[in-house]
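Residue-level structural notes
Residues per chain, in single letters:
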Amino acid sequence: MSSRTSPISQPITIRRAVARDAKRLTRLVRGSGAYQGKYAAAVAGYRVGPDYIEAHRVFVAVGADEHGGRVLGFYSLVLAPPELDLLFVADEAQGRGIGRLLVAHMRSEARGAGLDRVRVVSHLPAEDFYHRVGAARTGTALANPPAVPWDRPEFEFRIRPE
């Protein structure tokens, strides 16, 4: 079984991001294979700074390794208005259920914050992922050149009370 499709083989911990994670999260965004080619400009200067981490609910998925933990992915939940602003999984960790774990965690955080829905403006290559994890397509976010010169699918997660 290839590493892209193998289940999680190491313990994964999801924890709140801290300021010292900022550079690793920025590298994860800028190095994402989903943002190569025509999409590269969208993340070329992108920065996940300590100020962003402090202002939003940012959580990282960390895998145990010889260095005490490697960031395998992360997400950012903005509460007002409710939006899943960022969700990235390291290229080498994709296909192992980490994105699904992050979405489940995000739903739990949203529920705990009293939200009943969370909006997502998806990157085109991630559209199938959002369908698979239960988001409903609600529309299209129109291009916003020069930052994003293409239309993007919009989704919504319904958050059910416990």
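Check the entry above for the structure.
So, a few notes on the structure that sits alongside this text. In this text, all values refer to a predicted model and were calculated from it rather than measured experimentally. (Residues numbered from 1 in each chain as written. Predicted model: local features only at pLDDT ≥ 70, side-chain atom pairs only at ≥ 80, totals over all residues. Heavy atoms only, no water.)

1. A word on the overall build of the chain
Helix and strand counts for the chain come out as four helices and seven strands. At 15 Å, the chain has a C-alpha radius of gyration in line with the 15 Å of a compact globule built from 162 residues. Projected onto its principal axes, the C-alpha positions of the chain cover 45 × 40 × 35 Å. Restricting to contacts in the chain with at least 6 residues of sequence separation, those with at least 24 account for 63%. Measuring between centres, the 23 positive side-chain charges of the chain sit 2 Å from its 17 negative side-chain charges. (Helix = DSSP H or I, 4+ residues; strand = E, 2+ residues; numbered from the N terminus. Rg over C-alpha atoms; globule rule 2.2 N^0.38 Å. Contact = heavy atoms within 4.5 Å. Lys, Arg positive; Asp, Glu negative; His and termini not counted. Charge placed at Lys NZ, Arg CZ, Asp CG, Glu CD.)

2. Quick look at the nonpolar core
Residues Leu25, Phe74, Leu84, Met106, Val118, Tyr130 and Phe157 are the most contacted members of the largest nonpolar core, which totals 46 residues. A total of six residues in this core trace back to one element, the largest contributor, which is strand β3 (residues 70-78). Residue contacts for Phe74: discarding those within four places in its chain leaves Leu25, Leu28, Val29, Val48, Val58, Phe59, Val60, Leu86, Leu87, Phe88 and Leu102. (Core = buried A, V, L, I, M, F, W, Y, C linked by side-chain atoms within 4.5 Å. Buried < 20%, exposed > 50% of the residue type's maximum accessible area, 1.4 Å probe, protein only.)

3. Some words on the pairing of β3
Within a regular beta strand, the side chains point alternately toward one face of the sheet and then the other, so they alternate between its two faces. Burial runs high along β3: eight of the nine residues are buried. In the sheet, strand β2 (residues 57-63) pairs with β3 via seven bridges, with the strands oriented antiparallel. Looking at the pairing, Phe59 lines up with Tyr75 of β3. Direction of pairing for β3 relative to strand β4 (residues 83-89): antiparallel, over a ladder of six bridges. Bridge pairing in β4 links Tyr75 to Leu87. (Pairing = 2+ DSSP bridges.)

4. Re the pairing of strand β5 (residues 117-121)
The side-chain alternation of β5 yields one buried face, formed by Val118 and Val120, and one unburied face, formed by Arg117, Arg119 and Val121. Bridge analysis of β5 against strand β7 (residues 152-158) gives five bridges, and the strand direction is antiparallel. Its bridge partner being in β7, Arg117 is matched across the sheet by Arg158.

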